[in-house]
Amino acid sequence: MDWELLRHEWPHAEFSRFVQAAGVRWHVQQVGTQGPRVLLLHGTGASLHTWRDMLLPLAQQTQVLAIDLPGHGFSSLARGAGMSLPGMAKGIGELLTHLNWPVDAFIGHSAGAAIAAQMVNDQGWQPQVLLGINPAWLPLPGLAGWVFPPMAKLLALTPQVPQWFARQAANPAMVDKLLQSTGSQIDERGKQLYARLVASPSHAQGALKMMAAWDLSRGASTLKQLHCPVRMLVADNDLTVPPAQAREALALLKDGELLTCPGRGHLIHEEAPEQTLAFCLHHLLGQRVS
């Protein structure tokens, strides 16, 4: 994606910068000067824009670092195993070391929560809390769990697929259909930003390569190894990650809690940012959830 072309319309572009680390040119936004250091990790196919309505309110009481995952948004692809779950966790760890930015708390949406858990276990982080928003920690159930990874590998290895996908995304109906499949209803601004993302061949390639390299077969083991407090916010209308998986995860955690939100979908932090923010501040700062 072309930053110079799109920066004028990207949320909070005034806080954006680019950092070279672990073989990736990372697009990051860093805001806030006091309070715990909070790392925001988005899910597959999104970008840091997903936090647009939470970033500044969160930064009033915390120090926030949001990043585009490798191959997503304006960050470059990682090489080799760098698009896998352990590879992304390692790369982000190297980015944090480069920035001299030790994390106090993780907030991860969907696959971002899996990356956070991997970082805690692999790199010895001891966060005060790991917050998972509709977390994708376990393999998809049923046929999808068997069929989807090989299909993603096939698509990722076909050079024409990202360009084809981007051409299809020029149709607004396709973006609407993709968003409807999450169970969420987001505002027009959000739809426009996702339209920009899915119309980018480089972003489509990044999402496909991430999905092709993703392996959650050890997700249960990862959750059992977590010693930090883990708190989950799960929407009961999430059509992307089955809400029942959160209850499975809860049974595996040493110190876990689950809050269910009725009537929301996978992008709950975009369709209900104030409610999601209250959840986060409650567990970051002990503020009461209204």
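Residues numbered from 1 in each chain as written. Predicted model: local features only at pLDDT ≥ 70, side-chain atom pairs only at ≥ 80, totals over all residues. Heavy atoms only, no water.

**Student:** What's the story with the packing of aromatic side chains in this structure? I'm lost.
**Tutor:** Geometrically, a pair of aromatic rings is defined through the distance of the ring centres and the angle of the planes. One pass over the full model with this rule turns up four aromatic pairs. Seen from their ring centres, Trp-3 and Phe-74 are 4.9 Å apart, and the 80° between their planes marks the pair as edge-to-face. Placement of the pair is Trp-3 in helix 1 (residues 3-6) and Phe-74 in the loop between strand 4 (63-67) and helix 3 (85-99), with a sequence separation of 71 residues. Judged by centre distance (5.1 Å) and plane angle (85°), the rings of Trp-10 and Phe-74 are edge-to-face. Of this pair, Trp-10 sits in the loop between helix 1 and strand 1 (16-21) while Phe-74 sits in the loop between strand 4 and helix 3; the two residues are 64 residues apart in sequence, bridging distant segments of the chain. Accessibility assignment for this pair places Trp-10 and Phe-74 in one class, buried. These aromatic residues form a ring-pair network of at least three members: Trp-3, Trp-10, Phe-18 and Phe-74. The lysine or arginine in question, Arg-25, covers the ring of Phe-18, its NZ or CZ lying 4.0 Å from the ring centre. (Phe/Tyr/Trp six-rings, centres within 6.5 Å; stacked < 30°, edge-to-face > 60°. Helix = DSSP H or I, 4+ residues; strand = E, 2+ residues; numbered from the N terminus. Buried < 20%, exposed > 50% of the residue type's maximum accessible area, 1.4 Å probe, protein only. Lys NZ or Arg CZ within 6 Å of the ring centre and 35° of its normal.)

**Student:** Sorry if this is basic, but what is going on with the environment of Leu-39 here?
**Tutor:** Looking at the element boundaries, Leu-39 is found in strand 3 (residues 37-41). Accessibility expressed as a relative area gives 0% for Leu-39, which makes it buried. Along the primary structure Leu-39 and Leu-96 are separated by 57 residues, whereas in three dimensions their C-alpha atoms are 9.6 Å apart. Each residue touching Leu-39, except ones within four places of it in the same chain, is listed here: Leu-65, Ile-67, Ile-92, Leu-96, Trp-101, Val-103, Ala-105, Phe-106, Ile-107 and Met-119. (Contact = heavy atoms within 4.5 Å.)

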